[in-house]
Amino acid sequence: VQLQASGGGLVQAGGSLRLSCVASGRPLSDYATGWFRQAPGKEREFVVGIRWSAGSTRYADSVKGRFTISRDRGKNTVYLQMNSLKPEDTAMYFCAAGSRIIFSSLGFPESYDYWGQGTEVTVSS
């Protein structure tokens, strides 16, 4: 499966953005899907992951209550709605997909087989 992320941009603190991850080649429902982010000079950080078949979702504590993952089956697209953005959310955001990922492994980048190219989010204070 190929993944294409988009939707990043510059937004003021408190604002919102919606990121999109379009999949081609296979239905996203065949995979667990995650969003990760990486700020300059920092390691890649887990944001959210979901096992579509089980309907189980895991969010990083830093984004709980502010970010929401969703999907559009018809468009084979996963979204990350980001509200109440903070300067510390500034990073390159990546979508990822993997097969046979158990819930406890959703937060680990090495669990995922496929990655999009990333979309940059900048939150100004």
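In the block above lies the structure referred to throughout.
Residues numbered from 1 in each chain as written. Predicted model: local features only at pLDDT ≥ 70, side-chain atom pairs only at ≥ 80, totals over all residues. Heavy atoms only, no water.

Novice: For the overall build of the chain, give the residues involved together with the corresponding values.
Specialist: Helix and strand counts for the chain come out as zero helices and 11 strands. Going from the N terminus to the C terminus, the chain shows its helices and strands as β-β-β-β-β-β-β-β-β-β-β. Taken over the C-alpha trace, the chain has a radius of gyration of 13 Å; the compact-globule value for 125 residues is 14 Å, and the two agree within 12%. Judged by the C-alpha coordinates and their principal axes, the chain covers about 40 × 30 × 25 Å. Out of the 125 residues belonging to the chain, those deemed buried represent 46%. Within the chain, contacts between residues at least 6 apart in sequence are counted, and of these 59% link residues at least 24 apart. If the 14 positive side-chain charges of the chain are averaged to one point and the 10 negative ones to another, these points end up 6 Å apart. (Helix = DSSP H or I, 4+ residues; strand = E, 2+ residues; numbered from the N terminus. Rg over C-alpha atoms; globule rule 2.2 N^0.38 Å. Buried < 20%, exposed > 50% of the residue type's maximum accessible area, 1.4 Å probe, protein only. Contact = heavy atoms within 4.5 Å. Lys, Arg positive; Asp, Glu negative; His and termini not counted. Charge placed at Lys NZ, Arg CZ, Asp CG, Glu CD.)

Novice: Residues and numbers for the state of the cysteines, please.
Specialist: This structure, assessed with the given rule, holds one disulfide. The disulfide partner of Cys 21 is Cys 95, and the gap between their sulfur atoms is 2.1 Å. Looking along the S-S bond of the Cys 21-Cys 95 disulfide, the torsion reads about 70 degrees, which is the right-handed sense. One end of the pair, Cys 21, is in strand E3 (residues 17-24); the other, Cys 95, is in strand E9 (residues 91-98), and 74 residues separate them in sequence. (Disulfide = S-S within 2.5 Å.)

Novice: Pulling in residues and values, what's your account of the environment of Leu 85?
Specialist: Relative to the helices and strands, Leu 85 is located in the loop between strand E8 (77-82) and E9. Assessed through its relative accessible area of 2%, Leu 85 is described here as buried. Sequence separation between Leu 85 and Phe 67 is 18 residues; the distance between their C-alpha atoms is 8.9 Å. With residues near it in sequence (within four places) discarded, Leu 85 still touches Val 11, Ala 13, Gly 14, Gly 15, Ser 16, Leu 17, Arg 66, Phe 67 and Val 123.

Novice: Could you give an account of the sheet that holds E8, with specific residues and numbers?
Specialist: Across the sheet, which stays open at both edges, the four strands sit in the order E1-E3-E8-E7 with antiparallel pairing between neighbours. What marks the edges here is a single partner per strand, and that holds for strand E1 (2-6) and strand E7 (67-72). This sheet shows a mean twist of 20 degrees between the axes of neighbouring strands, independent of strand direction. (Pairing = 2+ DSSP bridges. Axes fitted to C-alpha atoms, helices over the stretch in contact; angles between N-to-C directions.)

Novice: Give me the lowdown on the side chain of Thr 33, citing residues and values where you can.
Specialist: Within the secondary structure, Thr 33 sits in strand E4 (residues 32-38). In this structure the side chain of Thr 33 is engaged in a polar contact, spanning 2.8 Å, whose partner is the side chain of Trp 52. (Polar contact = N/O pair within 3.5 Å; in protein donor to acceptor, adjacent residues only side chain to side chain.)

Functional significance is not addressed by these values, which are geometric in nature.
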